[in-house]
Every structure is written in C-alpha cells, then in structure tokens.
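Single-letter residue listing:
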Number of protein chains: 2
Amino acid sequence: MRRRFEEWIARLQEEIVATFERHDPTAPTFRRDSWVRPQGGRGLSCVFSVSPNDAILRNGDIVLEKGGVNTSILQGIMTPAAMKQTRADHPSIPADLETAPFYASGISIVIHPRNPHAPSIHMNYRYFEIIEPPKADSEANSGEAQEKVLAWWFGGGADLTPSYLYQDDAKHFHGTIKAVCDDHGSALYPVFKKWCDERFFIPHRDETRGIGGFFFDDLCEAPHGRFSGHAADHRPKTAEDIFAFVQACGNAFLDSYLPILERRGRAPSSEHERRWQLIRRGRYVEFNLVVDRGTRFGLLTPGARVESILMTMPETARWEYMSELGTDPETPEGRLVEVLRNPREWV
Amino acid sequence: MRRRFEEWIARLQEEIVATFERHDPTAPTFRRDSWVRPQGGRGLSCVFSVSPNDAILRNGDIVLEKGGVNTSILQGIMTPAAMKQTRADHPSIPADLETAPFYASGISIVIHPRNPHAPSIHMNYRYFEIIEPPKADSEANSGEAQEKVLAWWFGGGADLTPSYLYQDDAKHFHGTIKAVCDDHGSALYPVFKKWCDERFFIPHRDETRGIGGFFFDDLCEAPHGRFSGHAADHRPKTAEDIFAFVQACGNAFLDSYLPILERRGRAPSSEHERRWQLIRRGRYVEFNLVVDRGTRFGLLTPGARVESILMTMPETARWEYMSELGTDPETPEGRLVEVLRNPREWV
C-alpha cells in the first residue's frame, strides 16, 4: 500500500500543479523544492507567493496569490507522548505499545486566490502505519524480514474558506464531495461533513474557519467510533475499498474547486472587499497557529521543515481592533459570519 | 497592594496614551473601551489601528500603525490544571492547594509603528495573588473577614522588536532598562536580560523575537530560582521594594522608547524595506499565537476578551515561501537575523 499511495500522491500533485499553472499563466510558476529529513523522510514542496510589487503591477490579472501543493513521506520512531496522543484518536493501536516505528505519507494543498470573491481551499490526504518494534535478538533484525504493520489508517478531507458567501459555490463544492462519498457508502457524507464543521472550528472566535467540506481520520478495518449501528455497514472497510475512496476524493479536487475559481477569480472587487478578505485571512492564521493540531504537531517536531508546514499561511493577513466589518447581519460580510456561527446543510 | 497597584497602572496607562496621542497627531486617537467580565473582572482597552486607506492617503505622515495600552483586573477561581501549571513557575504557592481564588491585575502595551526603521515595543507589568479558599462553615464566610493572601508575586518586563538593526537604538533601550534595574539591585539586569532572551524565543525559527530587553516573574519575598549565592542579596525582596522597582520600570517606558521613535518614525523608507517589515511582523504573529504562554492561556480562558488579548497583533503581516530576504548576512536584513540567532550584550 505504501508504494501505491506514494505513486498516487506524486501523480496527483503533478496534475494539480500543472493545472493551476495553465489556469493562471500570469502568476509565477510554482517553485519545486524537494527536501530530505535527516531523521528519515523526504518530500516535494511546490509553492509560490506573489510579491507585493507583482500584485500591484498586475492587479486584476492575478488569480492565485499564494499556493502550495506538498507531498511528504516520513519515517521514524514515535515518542511515548506522541504515541499516547495518537492512540486517543486511533484505538486500533495495540494498548501495550509504548513506542514504535511509524510511516506516514500524504499530500496537502492550500490555495489562496487574490480576489476577495474567490474562496481559499484546503485539501489533505494521508496514509499512516504503526510498525512492530524490531526484536533485539531475533532474525527479524537482519534487514531481510518483512516489517509487520500493527495498525494502519487513512485520513483526509477538504474544506472551503470564502470571504464572501455564494450559495452556488457552497452547493457546488459540497455537492461534488457528496457525490464522491455516496459512491463509496451512503453513511460517509453526513458523518464526514459534521466532522469537518467540528474540526475547522475556532473556539476563541466561536466560528468555523469556512463553510466546511468533509473530514475523516482513522479509516481502517477496525470498528470506527463515528459509524455505529446501520451506518457501520455503509462505509468502505478493507484497505482496497478505503484507498479507492481516498483516490476518488483526491481525483475530484479539481472538479470541486476550479469552476468556483473560474466564476470568482477575476470578478470586480473593491478596496473594502479586499480589506475584509485580509481580516478573514487573519482568522485563517489564528486557526492554523492556535487551533490546528497538525500544524502545532509539525512545528514541535524536531527537524521539521517549517517552510513546508507554514506554506498554508496566506500571503497577507490583517488584524483590526473591534472591526465593524462583519458585525451587521444585513451586510455581505455579516452574512458570511452568520453561516460561520451556524453551519448549514448545503446539499 | 491591590489598590495601590491598580491606581498606578491606571495613571501610567493615561500618561502613555496621552503622550502617544500628542506624539502622532495624524494617527487616529486611541479607542477607549472599558469592559466587564461576567465571571469577575474589568478592564480598559485603549487601542487603534490605521485603516489601509488612511495609510495610503497619509503615507509618510503616520508614525503609529497599530497600538494598544490595556489594563485589566481579574478575579476568579483557579482550575486544578491552571493551579498545577502556575505552581511550576511559582513554588511559593502551598503544595497541598488544589484550587483557590486568585486576583490578577496588570498593564500591557504593544506599539507597532508604520516605518520599517522604527521598532515595535512590548511592555507588561502584573501583580498576582493566590487567596485562601473560604471555609464552608466558618465566620470567615461572612463577607466581613479579611481575605488571607497565601502567595503573591510581581512579573513583567519590556522588549524591543526592530525590523532593521540600529546599534544606537539597542544601546539606548537596554541602557535605560539597565539603569533602572541597577538602582534597585545590581543582580537584576544580568538575570532579567538573559531571561528575556530565553522567553522571547521562537523555537521553530531558531531565533529570538527581537533584540530583547528584560523579563521577570515570581518576584516576591521567597527565595527566587534565578538568584542564588551572592546575587540573592542584590535584589528587592519586600513587597514595598519590589513594587518600587516595578513602578520605576513602568515609569521609564516612555524614556526607553520615545527617543527611538523620534529618530526612526519618519525616516525615508522603500517598498523593499516595508516588505521585510511585514515578514518580520509574520514572525511576531507566530511568536504570539504559537509560543507565548500568556496569549494561549488567555485564548483558552472562558469568557476572555479576545479583542483585548489580540490587540498585540500587528495591523498587517506577511508570509513568503523560502523568502530570500534575510538569508544574506551582508544585507541589512541579514544583519538583523544574525543578532536574533546570537543574542548580544548591548550595554
């Protein structure tokens, strides 16, 4: 599975980067940086951000302001603390294991368009394994023996973060996701949509990051805490079925987002709308740095590649004290805030 | 002490806000928002940020871009988790106390000037008490009895965050602080300068937030972990002496900062320098949201006033992927990064 997953994320990365480059020929091409982690692992980061001078010179033309499409493969030993935390989310890890080798690979995308009417998007899929620790005095240590996988799972999802609410966009995005989910089990979309609203929530602001999408973790053959009773029968359970589902999700990324980008990427916009967009980007930063477990875990990992972890950050963000923007529910800004406070069913 | 400390921070707040308003008549006046926390407490936030349109219209004139001068007074019950964490830093808290009422008051200042050559400044002083829990069936519950203070301490400090390094500014700032410290004990400056470099450090960037200043906490009559041997005799120990030291520090704030602001606040600057300033503001945001214990503690406190906690944020911050700015040690940007990697003795 490792090899097949790695091949799939590499192919998907290539396809998505090439499509964005075709889609916005005025934006800089993505920088392609491959890196190696001394403690074990490697990756390819494809990222760009528009410099302020470029943005001013070519204002109106630029569709993408900052974007990153990263793949990474990590191997190492879980610390007991990391193991304890991981076990809380993944009950299939054997209870008596204090530490063990792990394998993790994944693809991660964040795109921040320039236009205030075009939403940011985030997508991530990952495959994880916990490996049996090598026995000090056995033949298994010879390097020839097959590693034994004690636990494995898939996780991922995608969510949309607009500055201005367009029902059409929300319906298209959620509709695309729902169709993919429904193909692989009728229980998936309702469970994963709710999970996304819970996950991308900023407690100190009492609002979600955006209009959601879907999120899942710990998808494996073992019983899953979020599927019980009837629902447990309507989700993929074998490694093959789950991988097929994850591939279908990733392959639908461009369909779920590009039509929205085409509709909104070059819409007329004002300084006022740009200001609100930058305030919303400030909330994006707050979510990533204060709330998001993945980012915090990454920044605390020794030898982590900070530039790749923080490729999710917007090019510019803004903080105002007690801003009046968004406080009046009769304004376009207030209408967005209303759905962030009260997540809706879009399809 | 509570009443005297509260009076002092209120007076200091008024003096500092009035001075900044006189100093930059083109900037908006501070908004003065007084607030009450339902769970116990109150405060006065004096904050402004310049809107982007104002900044463009009056570019070159504006000295202050965003500023906050806040006072707050909080009372409540420490949760066992907060108590445990607080005890780690404050060994004078009785070891058998699982929870107790607390009192905390303080003044907090962050000023972000507009000009890339003018440094941001942060200052904070606070007074803290742990109170004996009321006994359920005693007269002490009548409301007439005096509360018994089980532990108290002062904390605070100030630090300077430039985007471009000026040795004169660093020497003036540290020199002012050192003179105040030396008046109250020869052991203070060396200990508090080092503590500040440790405290305002961004581990994932392997650099300090700025060029430091001084930081102290847990200053009370009990022995202090950072002063041992000879040094323990050369620091203030009684409540009166410590309060006198804290007042002297706070009263020296304007002397430590205004001459620097006058020298740099209207200096000629380029788009390139502005871009670097905004990248440095991004690091400021990373410190506040990822590292700073005070901000994280505040955001996790139920009923906390998020707008007051996040007044420390810059007006605008910027993230570039693998920016070339700051990587060449022969450039002005690289010379700043060099001292953030290797903190220096300035006086």
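- Where an unreviewed UniProt entry is consulted, chain A appears under the name coproporphyrinogen oxidase, with the organism given as Pycnoporus cinnabarinus.
- The UniProt entry for chain A carries the following text under Subunit (unreviewed entry): "Homodimer."
- According to the UniProt record, the Pathway (unreviewed entry) comment for chain A reads "Porphyrin-containing compound metabolism; protoporphyrin-IX biosynthesis; protoporphyrinogen-IX from coproporphyrinogen-III (O2 route): step 1/1."

Some words on the relation of the copies chain A and chain B
Item 1. For the pair chain A and chain B, the best superposition has an RMSD of 0.0 Å and corresponds to a rotation of 180 degrees with a translation of 0.0 Å parallel to the axis. Put plainly, the chains are arranged around a two-fold axis.
Item 2. Comparing interface residues between copies, 100% of those in chain A also sit at the interface in chain B, which points to an isologous, same-surface contact.

Some remarks on the sheet that holds strand E9 (residues 213–219) of chain B
Residue and element names in this part refer to chain B.
Item 1. Sheet architecture is open: 7 strands sit in the order E1-E2-E3-E4-E5-E6-E9, paired in antiparallel fashion. Among the strands making up the open sheet, the edge pair consists of strand E1 (31–36) and E9. Pairs of neighbouring strands in the sheet enclose a mean axial angle of 10 degrees, with direction left out of account.
Item 2. For strand E5 (residues 120–131) and strand E6 (residues 149–161), the ladder comprises 12 bridges, and the chain directions are antiparallel. Its bridge partner being in E6, Phe-128 is matched across the sheet by Trp-153.

Side note on the sheet that holds strand E9 (residues 213–219) of chain A
All names here are of chain A.
Item 1. Reading across the sheet, the 7 strands line up as E1-E2-E3-E4-E5-E6-E9 and stay open at both edges, with antiparallel pairing between neighbours. The sheet is open, and its two borders are formed by strand E1 (31–36) and E9, each paired with just one other strand. Adjacent strand axes in the sheet meet at a mean angle of 10 degrees when their direction is disregarded.
Item 2. For strand E3 (residues 64–77) and strand E4 (residues 101–113), the ladder comprises 13 bridges, and the chain directions are antiparallel. The partner of Leu-64 across the bridge, within E4, is Pro-113.

Points about the interface of chain A and chain B
Item 1. Listed per partner, the contact involves 34 residues of chain A and 34 residues of chain B.
Item 2. Together chain A and chain B conceal approximately 3,300 Å² of surface at their shared face, both sides included; 57% is due to carbon and sulfur atoms.
Item 3. Applying the counting criterion to the chain A and chain B interface returns 4 salt bridges.
Item 4. Between Arg205(B) and Glu307(A) there is a salt bridge, with its nearest N and O atoms 3.4 Å apart.
Item 5. Taken together, the connections running from chain A to chain B amount to 15 residue pairs in polar contact (both at pLDDT 80 or more).
Item 6. Contributions of two or more residues to the side of chain A that touches chain B are made by E1, strand E2 (41–49), helix H2 (52–57), helix H8 (271–291), helix H9 (293–300), helix H10 (306–309) and strand E10 (316–318) of chain A.

Some words on the pairing of E5(B)
Item 1. Where burial is concerned, most of E5(B) is hidden: 11 out of the 12 residues are buried.
Item 2. Hairpin connection, strand E4 (residues 101–113) of chain B to E5(B): the antiparallel pair is bridged by 6 residues.

What about the environment of Thr327(A)?
Item 1. The topology assignment puts Thr327(A) in the loop between E10 and helix H11 (332–341).
Item 2. A distance of 2.6 Å separates a polar atom in the side chain of Thr327(A) from the backbone oxygen of Glu324(A).

Overview of helix H7 (residues 253–264) of chain B
Item 1. Here H7(B) spans 17 Å end to end across 12 residues, near enough to the 16 Å set by a 1.5 Å rise per residue.
Item 2. Phe253(B), Leu254(B), Ser256(B), Tyr257(B), Leu258(B), Ile260(B), Leu261(B) and Arg264(B) are the residues of H7(B) that are buried.

Some thoughts on the pairing of E4(B)
On a regular strand, one side chain projects to one face of the sheet and the next to the other, so that they alternate.
Residues and elements named next belong to chain B.
Item 1. Extensive coverage of E4 is indicated by the burial of 13 of its 13 residues.
Item 2. Pairing of E4 with E5 involves 10 bridges; the strand directions are antiparallel. Directly across from Ala-104, in E5, lies its bridge partner Phe-128.

Quick word on the side chain of Glu320(B)
Item 1. Along the chain, the position of Glu320(B) falls in the loop between strand E10 (316–318) and helix H11 (332–341).
Item 2. Judged by relative accessible area, Glu320(B) falls into the buried class, the value being 13%.
Item 3. There is a polar contact of 2.5 Å between the side chain of Glu320(B) and the side chain of Arg275(B).
Item 4. Residues within four places of Glu320(B) in sequence aside, it is in contact with Ser49(A), Lys66(A), Glu307(A), Arg275(B) and Ile279(B).

Re the environment of Trp153(A)
Residues and elements named next belong to chain A.
Item 1. In this structure, Trp-153 sits in strand E6 (residues 149–161).
Item 2. You can call Trp-153 buried: its relative accessible area is 4%.
Item 3. For the pair Trp-153 and Cys-220, spaced 67 residues apart in sequence, the C-alpha separation works out to 4.9 Å.
Item 4. Here the side chain of Trp-153 touches His-90 through a polar contact of 3.4 Å, side chain to side chain.

Digging into the packing of aromatic side chains
Here the distance between the centres and the angle between the planes together describe a pair of aromatic rings.
Item 1. A full pass over the atoms with the stated rule returns 52 aromatic pairs over all chains.
Item 2. Look at Phe5(A) and Phe243(A): their rings are 6.1 Å apart centre to centre, the planes differ by 50 degrees, and that puts the pair in the tilted class. On the criterion of sequence distance, the pair formed by Phe5(A) in helix H1 (residues 2–23) and Phe243(A) in helix H6 (residues 239–251) is long-range, its members being 238 residues apart.
Item 3. Taking 4.8 Å as the distance between ring centres and 10 degrees as the angle between the ring planes, the aromatic pair formed by Phe128(B) and Trp153(B) counts as stacked. Of this pair, Phe128(B) sits in strand E5 while Trp153(B) sits in strand E6, and the two are 25 residues apart along the sequence. There is no split in this pair, since Phe128(B) and Trp153(B) are both buried.
Item 4. We note Arg264(A) situated over the ring of Tyr166(A); from NZ or CZ to the ring centre the distance is 3.8 Å.

Here we look at the environment of Asp255(B)
All names here are of chain B.
Item 1. Position of Asp-255 relative to the elements: it lies in helix H7.
Item 2. Put simply, Asp-255 and Ile-177 are 78 residues apart on the chain and 9.6 Å apart in space, counted from C-alpha to C-alpha.
Item 3. Other than its neighbours up to four places away in sequence, Asp-255 contacts His-172 and Thr-176.

A look at the state of the cysteines
Item 1. Across all of its chains, the model carries 0 disulfides over all chains by this definition.
Item 2. Free cysteine: Cys220(A), not disulfide-bonded; nearest cysteine sulfur from Cys249(A) at 16 Å.

Looking at the side chain of Asp218(A)
All names here are of chain A.
Item 1. One can find Asp-218 in strand E9.
Item 2. The charged side chain of Asp-218 is buried without a salt bridge, its nearest counter-charge being Arg-235 at 8.0 Å.
Item 3. Apart from residues no more than four positions distant in its own chain, Asp-218 is found in contact with Asp-89, His-90, Pro-91, Ser-92, Trp-153, Phe-154 and His-224.

Calculation notes
Residues numbered from 1 in each chain as written. Chains lettered and ligands numbered in written order. Predicted model: local features only at pLDDT ≥ 70, side-chain atom pairs only at ≥ 80, totals over all residues. Heavy atoms only, no water. UniProt positions renumbered as here; feature names shortened; annotations may be inferred. Least-squares fit on C-alpha atoms with pLDDT ≥ 70 in both. Contact = heavy atoms within 4.5 Å. Pairing = 2+ DSSP bridges. Helix = DSSP H or I, 4+ residues; strand = E, 2+ residues; numbered from the N terminus. Axes fitted to C-alpha atoms, helices over the stretch in contact; angles between N-to-C directions. Buried area = accessible area lost by both parts, 1.4 Å probe. Salt bridge = Lys/Arg side-chain N within 4 Å of Asp/Glu carboxyl O. Polar contact = N/O pair within 3.5 Å; in protein donor to acceptor, adjacent residues only side chain to side chain. Buried < 20%, exposed > 50% of the residue type's maximum accessible area, 1.4 Å probe, protein only. Expected span 1.5 Å × (residues − 1). Phe/Tyr/Trp six-rings, centres within 6.5 Å; stacked < 30°, edge-to-face > 60°. Lys NZ or Arg CZ within 6 Å of the ring centre and 35° of its normal. Disulfide = S-S within 2.5 Å. Lys, Arg positive; Asp, Glu negative; His and termini not counted.

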